[in-house]
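Residue-level listing of the chains:
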Amino acid sequence: MEHPRVVDPGHPLVERVRRICLALPEAVEVEAWGRPTFRAAKPIFVHVAATAERPLSIVVKTDPEEHLALLQDGRFSGVPYYSRDHWVGADLDAPDTDWELLAELIETSYRQVANRRQVAALDALRPDHAGQ
């Protein structure tokens, strides 16, 4: 059975996430569970989420060393089913959304799941971020 669509893939904030994600090497978008997901080939690095409490948010995999600090920041929250693997959620439509920080977290999430070839391609695009 196909899941009903719960996130409008054409929403301007989803479009903004899409532009950030698809700029990464070999990144693809796959609709899953009625939501856009962005993947480094197969592994998910961004999941666009929607709940009654958080109608438009993303879930990203954090650097394990930064995870607890992000959870202390009120702009981020733990997410059910993901928390044990260092994932956090962030609202896209909050008045204090920091898109520069979200772009950095999206790149970090990509680096957490991408294979060596994909990370090397990203390092070639962004030598100032290499090894992060």
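Not measured: the values here are computed from a predicted model. (Residues numbered from 1 in each chain as written. Predicted model: local features only at pLDDT ≥ 70, side-chain atom pairs only at ≥ 80, totals over all residues. Heavy atoms only, no water.)

Chemist: Before we move on, could you go through the nonpolar core and cite the residues and values that matter?
Modeler: Val17, Phe45, Val46, Ile58, Leu92 and Ile106 are the most contacted members of the largest nonpolar core, which has 29 residues in total. At the level of secondary structure, the elements contributing two or more residues to this core comprise helix 1 (12-22), strand 2 (35-40), strand 3 (44-49), strand 4 (57-61), strand 6 (87-91) and helix 3 (99-113). The element best represented in this core is helix 3, accounting for six residues. The contact partners of valine 46, leaving out residues within four places of it in the chain, are Val17, Cys21, Pro36, Thr37, Phe38, Ile58, Val59, Val60 and Ile106. Listed in part, the five residues of the second largest apolar core include Ile44, Val59, Val79 and Trp87. (Core = buried A, V, L, I, M, F, W, Y, C linked by side-chain atoms within 4.5 Å. Buried < 20%, exposed > 50% of the residue type's maximum accessible area, 1.4 Å probe, protein only. Helix = DSSP H or I, 4+ residues; strand = E, 2+ residues; numbered from the N terminus. Contact = heavy atoms within 4.5 Å.)

Chemist: Outline the pattern of salt bridges, listing residues and values.
Modeler: Side chains that carry opposite charge are capable of pairing whenever their charged atoms lie near each other. In the structure shown here, the tally under the stated rule is nine salt bridges. The partner of arginine 117 in a salt bridge is glutamate 26, with the nearest N and O atoms 2.7 Å apart. Of the two residues, arginine 117 is situated in helix 4 (residues 116-125) and glutamate 26 in the loop between helix 1 and strand 1 (27-32); the sequence distance between them amounts to 91 residues. On the basis of relative accessibility, which here comes to 39%, the residue glutamate 26 falls in the partly exposed class. The closest approach of N and O atoms between aspartate 73 and arginine 75, which form a salt bridge, is 2.7 Å. Residue class for aspartate 73 comes out partly exposed when judged on its relative accessible area of 21%. Assessed through its relative accessible area of 30%, arginine 75 is described here as partly exposed. Each of the salt bridges in this network shares a partner with another, and the network as a whole consists of Glu107, Arg111, Asp123 and Arg126. (Salt bridge = Lys/Arg side-chain N within 4 Å of Asp/Glu carboxyl O.)

Chemist: Go over unusual backbone geometry, please, and point to the residues and values.
Modeler: What is expected of a backbone is that most residues other than glycine have negative phi and most peptide bonds are trans. A positive phi angle, near 55°, is found at tryptophan 33, a position not held by glycine. With respect to the helices, strands and loops of the structure, tryptophan 33 is situated in the loop between strand 1 and strand 2. Located in the positive-phi region is histidine 86, a residue other than glycine, with phi close to 70°. Note on placement: histidine 86 falls in the loop between strand 5 (76-78) and strand 6. When its relative accessible area of 28% is taken as the criterion, histidine 86 is described as partly exposed.

Chemist: Kindly report on the environment of leucine 92, identifying the contributing residues and their values.
Modeler: With respect to the helices and strands, leucine 92 occurs in the loop between strand 6 and helix 3. Those residues within four positions of leucine 92 in sequence are excluded, and the remaining contacts are Leu13, Val17, Leu56, Ser57, Ile58, Thr97, Trp99 and Leu102.

Chemist: Mind laying out the layout of surface pockets, listing which residues take part and the relevant values?
Modeler: Here the idea is plain: a probe the size of a water molecule rolls over the atoms and shows the empty space left. In this structure, the largest pocket occupies an estimated 390 Å³ of space. Lining the largest pocket are 19 residues, and of these Ala49, Thr51, Val59, Val79 and Pro80 sit closest to its centre. Among the elements that make up the lining of the largest pocket, the one with the highest residue count is strand 4 (three residues). The residue inventory of the lining of the largest pocket, partitioned by class, reads 10 nonpolar, six polar and three charged. (1 Å grid on protein atoms, 1.4 Å probe; cavity = no way out; pocket = protein on both sides within 12 Å on 5 of 7 lines; lining within 4 Å. Points joined across faces, edges and corners; volume = space filled by probe spheres on them. Nonpolar A, V, L, I, M, F, W, Y, C, P; charged D, E, K, R; others polar.)

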